[in-house]
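Results of the structural survey
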Amino acid sequence: QVQLVESGGGLVQSGGSLSLSCAASRSRLMFKIATMGWYRQAPGKSRELVAAITREGSTNYADSVKGRFTISRDNSKNTVYLQMRSLKPEDTAVYYCNYKLNVDYWGQGTQVTVSS
């Protein structure tokens, strides 16, 4: 079992920035070899991938956030980050941390609200 604890959500004005963090309760080895990701779900919409980072450090972003969001990981802290800038109202959603290693584990979600 993996527990993922997200933090850093909140309310920000359009054009602003926020940083999300997700700490995993896993051994450093099991964290290091996992793919970590951030997903989001807006009201009435399906959950979608925002960004992911592999064990090798390769990253993948949704087209809608490319150039504005940056995903990173600190394996020494079992933590993955999502730096979000130039936020738009359409970025408003609950953001979920994902741990992927054969199976998926999810955090409880953190609300990000961008006001216009």
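As shown above, the structure is provided for reference.
Here is a short report on the structure shown in this document. Bear in mind that the values here come from a model prediction, so they are computed numbers and not experimental data.

Take the nonpolar core next. Counting residues in hydrophobic clusters, the biggest one holds 32 residues, and the most contacted among them are Leu-4, Met-36, Trp-38, Leu-82, Met-84 and Tyr-95. When residues of this core are traced back to their parent elements, those giving at least two are β3 (18-24), β4 (35-41), β5 (48-53), β7 (69-74), β8 (79-84), β9 (93-101) and β11 (110-115). Residues within four places of Leu-82 in sequence aside, it is in contact with Leu-18, Ser-19, Leu-20, Trp-38, Val-50, Ala-51, Phe-69, Thr-70, Ile-71 and Tyr-95.

Bringing the packing of aromatic side chains into the picture now. The relation between two aromatic rings is expressed through the spacing of the ring centres and the mutual angle of the planes. Taken as a whole and assessed by the stated rule, the structure comprises 2 aromatic pairs. Measuring from centroid to centroid gives 4.9 Å for Tyr-39 and Trp-106, while their planes differ by 75 degrees, and the two rings are edge-to-face. Pair noted here: Tyr-39 is in strand β4 and Trp-106 is in strand β10 (residues 103-106), with a separation of 67 residues, a long-range link. For Tyr-39, a relative accessible area of 16% gives the class buried. On the basis of relative accessible area, Trp-106 is assigned to the partly exposed category, the value being 35%. The positively charged end of Arg-47 is found above the aromatic ring belonging to Trp-106, 4.6 Å away from the centroid. A cation over an aromatic ring shows up here: Arg-73 above the ring of Phe-31, its NZ or CZ 4.9 Å from the ring centre.

Considering the arrangement of structural elements, one finds Arg-68 in the loop between β6 (59-61) and β7. Residue classification places Arg-68 among the buried positions, given a relative accessible area of 9%. Only 2.9 Å separates the side chain of Arg-68 from the backbone oxygen of Ser-86, close enough to count as a polar contact.

A positive phi angle, near 50 degrees, is found at Ser-86, a position not held by glycine. When you line up the elements, Ser-86 lands in the loop between β8 and β9. Positive phi outside glycine occurs at Asn-102, with the angle close to 70 degrees. You can see Asn-102 is positioned in the loop between β9 and β10.

Evaluated as defined, the whole model comprises 5 salt bridges. Among the ionic pairs, Asp-91 bridges to Arg-40, the shortest N-O distance being 2.9 Å. Note that Asp-91 is positioned in the loop between β8 and β9 and Arg-40 in strand β4, a separation of 51 residues in sequence. Through salt bridges with shared partners, a single ionic network connects Arg-40, Glu-48, Arg-68 and Asp-91.

Cut-off values and rules
Residues numbered from 1 in each chain as written. Predicted model: local features only at pLDDT ≥ 70, side-chain atom pairs only at ≥ 80, totals over all residues. Heavy atoms only, no water. Core = buried A, V, L, I, M, F, W, Y, C linked by side-chain atoms within 4.5 Å. Buried < 20%, exposed > 50% of the residue type's maximum accessible area, 1.4 Å probe, protein only. Helix = DSSP H or I, 4+ residues; strand = E, 2+ residues; numbered from the N terminus. Contact = heavy atoms within 4.5 Å. Phe/Tyr/Trp six-rings, centres within 6.5 Å; stacked < 30°, edge-to-face > 60°. Lys NZ or Arg CZ within 6 Å of the ring centre and 35° of its normal. Polar contact = N/O pair within 3.5 Å; in protein donor to acceptor, adjacent residues only side chain to side chain. Salt bridge = Lys/Arg side-chain N within 4 Å of Asp/Glu carboxyl O.

Functional significance is not addressed by these values, which are geometric in nature.
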